[in-house]
Amino acid sequence: MTEYDTVLFDSDGVLVEPPTYETKVEATRAAFTEVGVKRPKNHHIDEIVNGTTVERLHQICAAYELDVNTFWEARERLDEESQFKKFESDSRTRYDDVTAISDVSQTCGIVSNNHHSTIEFVMDFFDLQSTFDTYYGREKTVESLDYKKPNTHYLDLALSELGGESALYVGDSEHDVIAAHQAGMDSVFVRRPHCTDVTLSTTPTYEINNLHEIPEIVG
């Protein structure tokens, strides 16, 4: 079994419950309303919620004659606020098995596609500061969309900071597995309730049902 010196974790779907599709849709609709678009097309909302690119976001905004930065500032702000409210109302919470990470002696970090400031909120809200040595989320900018996994950008930054030579990345999506392998890392796919039936086109190094299996994997 490989010996690891660094373990990185995704946040949404691994450490905390992921935001619901409905919550993300509501925040996106609210952003359109704020910038004066009362009836955005449903397929445009779906594209934004499911992960748009910089190029496609420019095209969507052009369809409504919107300034892309103005719209995206509203969308990111309202999206983040909606996440905070769900955590604060206990509608969304941390997974119980996150406590298993305290049994991991290796250097640990978080790398997420969510906002960096949202990950900071999660760290504070669930008192995880002592569990992780660093954390990376994306900036709330249009340009950050192209740095989302499977791009290795934030994984590379975390590894550079922590200095790991043999790292493991724990995620809950195919993009997580692909990003890990492209960054030269082994991967763990966690089958949470929201991804129980997901079929992966790429094979993770390990597949687990909960985080209690991580200490055994890393030895």
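Refer to the structure presented above.
Let us look at the structure shown here. (Residues numbered from 1 in each chain as written. Predicted model: local features only at pLDDT ≥ 70, side-chain atom pairs only at ≥ 80, totals over all residues. Heavy atoms only, no water.)

Concerning the packing of helix α1 (residues 21-34) against helix α2 (residues 42-51)
Point 1. In contact at an axis separation of 10 Å, α1 and α2 are set at 120° when each is read in the N-to-C sense. When the interaxial angle is binned, α1 and α2 end up oblique. By crossing handedness, the relation of α1 to α2 is classed as right-handed. Contacts between α1 and α2 pair Y21, K24, V25, T28, R29 and F32 from the former with N42, I45, D46, I48, V49 and N50 from the latter.
Point 2. Here the residues of the contact of α1 with α2 sort into 6 nonpolar, 3 polar and 3 charged. (Axes fitted to C-alpha atoms, helices over the stretch in contact; angles between N-to-C directions. Helix = DSSP H or I, 4+ residues; strand = E, 2+ residues; numbered from the N terminus. Parallel < 35°, antiparallel > 145°, perpendicular 65-115°, else oblique. Left-handed = near helix turned anticlockwise from the far one by under 90°. Contact = heavy atoms within 4.5 Å. Nonpolar A, V, L, I, M, F, W, Y, C, P; charged D, E, K, R; others polar.)

Regarding helix α6 (residues 153-162)
Point 1. Those residues of α6 that sit buried are Y154, L155, A158 and L159. Looking down the long axis of α6, one finds its buried residues gathered within 135° of arc, a one-sided arrangement.
Point 2. Of the surrounding elements, those touching the buried residues of α6 are β1 (6-9), β2 (107-115), β3 (134-138), β4 (167-171) and α7 (174-182).
Point 3. Just downstream of α6 lies G163, where phi reads positive at about 70°. (Buried < 20%, exposed > 50% of the residue type's maximum accessible area, 1.4 Å probe, protein only. Arc of directions from axis to C-beta.)

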